[in-house]
Amino acid sequence: MKITKSQTWTFIEKFSAQIMTNNKKSIAVLPFTDISIDGENEFLCDGITEEIINALATIEGLKVISRTSSFFFKNHNVSLEEIAAKLNVAILLEGSAQIHSGKIRVRAKLIDVDQDTHFWSETWDRKIENIFEIQDEISLLIADKMREYFGHMEISDQLVDTGNKSLTSYEHILKGRYHLYKWNPEDTNLALEYFEKALEIDLNLIEAYLGLADGYSFLAAAGFAPREEAWNKCKEALNSAKELDPDHAGLNYMLGMQSFFTEANFAAAMNYGMRSIAARPTYSEAHQFVSFLHTLQGNFKKALEHLHFAKSVDPLNPETKFHEANYYYRTRDLEKAQEILRELLKINDKNLPAIIISINILILKGNLNEARKAIDDVPEQAFAPDERLGLLTLIDAIEGRHTRQLQLLEQHAQESEAHHAHSYLFLSYVNLKKFDEAFTVLERLFNNASSILLIAFSGPLGAAIQSQPRYKELHSRIYPIMTKRTKAVKKRPTDKTIEKEQIDKMQDFVKRERPYLNPSLSLRSLAQQLGIHPNRLSWLLNEFIGENFNEFINKERINHFKQLVLDPDNSHISLLGLAYESGFNSKTVFNTTFKKEVGMTPREFQQSQP
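Since the structure is predicted, the reported quantities are computational estimates derived from the model, not experimental observations.

Let us now look at the overall build of the protein. When its secondary structure is counted, the protein shows 30 helices and 6 strands. Each principal axis of the C-alpha distribution contributes one length, and for the protein these read about 100 × 55 × 45 Å. Per-residue burial over the protein gives 52% buried out of 610 residues. A separation of at least 24 residues holds for 62% of the contacts in the protein among residues at least 6 apart in sequence.

So, on to unusual backbone geometry. Positioned with a positive phi, R332 is a non-glycine residue whose angle comes to about 70 degrees. Here R332 shows up in the loop between α14 (318–330) and α15 (334–347). For R332, a relative accessible area of 47% puts it in the partly exposed group. Positive phi values are uncommon outside glycine, yet A449 reaches one of about 50 degrees.

Summarising the sheet, strand β5 (residues 103–112) and strand β6 (residues 117–127) pair through 10 bridges and their orientation is antiparallel. The residue bridging L110 from the neighbouring strand is W120, located in β6. The hairpin turn running from β5 into β6, its antiparallel successor, is 4 residues long, and D116 in that turn takes a positive phi close to 55 degrees.

This part takes up the packing of helix α21 (residues 435–447) against helix α23 (residues 469–478). One way to put it is that α21 packs onto α23 with a least axis distance of 12 Å and a crossing angle of 10 degrees. Classed by the angle they form, the pair α21 and α23 counts as roughly parallel. Every residue of α23 that contacts α21 at D436, F439, L442, E443, L445 and F446 is listed here: R470, Y471, L474, R477 and I478. Looking at the contact of α21 with α23, its residues break down into 7 nonpolar, no polar and 4 charged.

The next point concerns the packing of helix α25 (residues 523–530) against helix α26 (residues 534–545). Running from N to C, α25 and α26 point in directions that differ by 100 degrees, and their axes come no closer than 8 Å. Considered as vectors, α25 and α26 are oriented roughly perpendicular to each other. Contacts between α25 and α26 pair L523, R524, L526, A527 and L530 from the former with P534, L537 and S538 from the latter. Classifying every residue of the contact of α25 with α26 by side-chain character gives 6 nonpolar, 1 polar and 1 charged.

For the structure shown, the criterion picks out 29 salt bridges. Ionic pairing is found between D396 and R372, a salt bridge with its closest N-O pair at 3.4 Å. Taken together, the residues span a long stretch of sequence, with D396 in helix α18 (residues 387–398) and R372 in helix α17 (residues 368–377) at a distance of 24 residues. The pair formed by D396 and R372 is uniform in burial state, with each residue classed as buried. Residues R372 and E399 are paired through a salt bridge, measuring 2.8 Å at the closest nitrogen-oxygen approach. On the criterion of sequence distance, the pair formed by R372 in helix α17 and E399 in the loop between α18 and α19 (404–412) is long-range, its members being 27 residues apart. Its relative accessible area of 37% is what places E399 among the partly exposed residues.

Analysis parameters
Residues numbered from 1 in each chain as written. Predicted model: local features only at pLDDT ≥ 70, side-chain atom pairs only at ≥ 80, totals over all residues. Heavy atoms only, no water. Helix = DSSP H or I, 4+ residues; strand = E, 2+ residues; numbered from the N terminus. Buried < 20%, exposed > 50% of the residue type's maximum accessible area, 1.4 Å probe, protein only. Contact = heavy atoms within 4.5 Å. Pairing = 2+ DSSP bridges. Axes fitted to C-alpha atoms, helices over the stretch in contact; angles between N-to-C directions. Parallel < 35°, antiparallel > 145°, perpendicular 65-115°, else oblique. Nonpolar A, V, L, I, M, F, W, Y, C, P; charged D, E, K, R; others polar. Salt bridge = Lys/Arg side-chain N within 4 Å of Asp/Glu carboxyl O.

This is the structure:
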């Protein structure tokens, strides 16, 4: 599948414009709470939460906070106002699940933080084997309520895949994810066992293969397993996933990471990253990755747009913050980069990528003694092979000194897998103005698939070589330009006559049948009565009447209430009673809506009548 950049940019531009226009269309799904008696179903609650997040994230125009940032507040005593402020959302979804004797009770409620009220809540009692249908039902109801209250969105008839999954295999996958997200060797190995158990039941579970690939890549990269063996198992799992669904967003993201970090293939990495975003436009990790690639390439405008998108849906993810710091480092906004890095290191003082960029900034600013001290403060075992030697050699080179450390680094760089030695030898030669030797080292990038050298090539510490004639040719070779953006196809104009007929039909039906008197009326049920699709009705209301469903229906209820108030035969009925007869089911909603629509309270309106 060939992906053009226009698909990605059109989505980002539309998404940004919609969210800026209506920030009410933003939601964070907080981790569902396990209230089961035995307290052993946290993994299932996490799975429900994640499925709802993924389902809502497929709706264009709705900003949905990604899993990492939503789960940031799990087991923390933080107010809803603070959560909403940190995530920059207007709506929060809270929920709980209770499992007992093969049955599950799920509760969920939507909270408008600005209004300090929940405007929708529901409880489901189902058999546990119906978990997939429950997740889809919850997601659709949430999406419907968001649309009814805050404006038009296109919503699919099904948001969660309710296919032929085995409940047991699904539980194995959820338990695997639960342990995988703890990111330590013990839990990762336990996660791998669960993914394998899931595949023993069903070999067609792409989530299990991706879980295996994620786990093995973590063990390989962190040095918790034999590197080559773990990477081979990761590749095997990815190949199995590719056979099932080559367009899967998570698969293409991982293939992109593999292409870059194990094959040093920038073009393939970018292609996979774009495929991932095309498959799931709201996938924050893919946006982070593509932003990182654009940053290396020097395409800072597009890098920043992808970064801003990732920040909007995943603001608390340390990976998002790291990529932001790296972006500012690469664009020489060193103070901003250092501020973010300090924040990251305050959370985790063993964050080696953040430590390395911090040291690079000290070197770039000329604070070489401070850089040496920072290097000394890092335990030897924390560094990758040749990284400490490389940093110290680079500092010597910047000072113009040829030291024994340079000779040692040259020796280590003879090894084909010594990627850090290749990278720092290149940077040392550049700063010693030994450009021919530096260009010779660059051949390691192609011959030995050195991803670390791929990162160093265009970095600020190698700036001295970037004015050399050969650099531009190599830059184009290393970071090839992707397919140019194509023009978007203009949509054909719609038939205004059909739209007017549908609006007239709807308004006539509402006037004649008065469906608004039913307090349980929903956009979906009204659309069913009218015989049109809910997406169509939502669009007609917003596009031609200029109101969302909630505004339209409540206005009809207000008009009906006014008629009842003016009727002397109703003088014995309270205002709240008349409100209930008009279709309202909440005193607060009635009073707020009436004041907003009429400009006075119901009592003031009654008293103003002759």
